[in-house]
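# A structural walkthrough
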Amino acid sequence: QVQLVESGGGLVQAGGSLRLSCVASGRFYSINNMAWYRQAPGKQRELVAAAITGGTTTYADSVEGRFTISRDNAKNTVYLQMNGLKVEDTGVYYCRSNIFAIVNGKPARNDYWGQGTQVTVSS
């Protein structure tokens, strides 16, 4: 089965940096869009950054200029470089990917989610 695994989270002081990674594994034909979401306690999950196949990237207003999403297609990996971290960036960061794979014996495109990685920014 297709699986996404995030890594790179941790505890960092405000102003510091972290680099998150998300690796897709399993049986699939191609990966379409990849994106990072985050969810703080008591808040809804929100889109942080997205990268489509053509190379276009989008960012939430709150992180634009500080975060950078990138892809390494050969490694089936998406990264999120986070610089100038703020306390309000704290939350669980999730990787999401639209993947073309065989599902129940037929090809299909579906969204897959990772388990999340905790990012904590302290003052």
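Everything discussed here concerns the structure shown above.
The residue numbering used here restarts from 1 in each chain and proceeds along that chain's sequence as written. Totals for whole chains, interfaces and linings use all residues, but because this is a predicted model, local features are given only for residues with pLDDT of at least 70 and pairs of side-chain atoms are given and counted only at 80 or more. Side-chain descriptors were evaluated using all non-hydrogen atoms of the structure, hydrogens and water having been removed beforehand.

Below, the discussion takes up the overall build of the protein. Numbered from the N terminus, helices here are DSSP runs of H or I no shorter than four residues, and strands are runs of E no shorter than two. Counting secondary structure elements, the protein contains 0 helices and 11 strands. Secondary structure of the protein in N-to-C order comes out as β-β-β-β-β-β-β-β-β-β-β. For a compact globule the rule gives 2.2 Å times the number of residues to the power 0.38, and the radius of gyration it is set against comes from C-alpha atoms. A globule of 123 residues ought to have a C-alpha radius of gyration of about 14 Å, and the protein, at 14 Å, matches this closely. In terms of overall dimensions, the protein has C-alpha extents of about 50 × 30 × 25 Å along its principal axes. The buried label goes to any residue with under 20% of its type's maximum accessible area, the exposed label to any with over 50%, and the partly exposed label to all in between, with areas taken from a 1.4 Å probe on protein chains only. With 123 residues in all, the protein has 39% of them scored as buried. Considering only intrachain contacts with a sequence separation of at least 6, the fraction spanning at least 24 residues in the protein is 56%. Accessibility throughout is a Shrake-Rupley quantity obtained with a 1.4 Å probe, and a residue counts as covered only by protein chains that appear here. For the protein, the computed accessible surface area is about 6800 Å², with 46% contributed by carbon and sulfur atoms. Two residues qualify as a contact provided that any one of their heavy atoms is within 4.5 Å of a heavy atom in the partner residue.

Strands were regarded as paired on the criterion that DSSP finds at least two bridges between them. Reading across the sheet, the 4 strands line up as β1-β3-β8-β7 and stay open at both edges, with antiparallel pairing between neighbours. Looking at the sheet topology across the chains shown, the edges are occupied by β1 (3-7) and β7 (67-72). On average, each strand axis in the sheet is tilted by 15 degrees relative to the strand beside it, whichever way the strands run. Simply put, an axis is a line fit to the C-alpha atoms, just over the touching stretch for a helix, and the angle between two N-to-C directions goes from 0 to 180 degrees.

The next thing to look at is the environment of S97. Topologically, S97 is positioned in strand β9 (residues 91-103). Taking C-alpha positions, S97 is 11 Å from T53, a pair spaced 44 residues apart along the chain. When neighbours within four sequence positions are excluded, S97 is seen to be in contact with L4, I31, N33, M34, N110, D111 and Y112.

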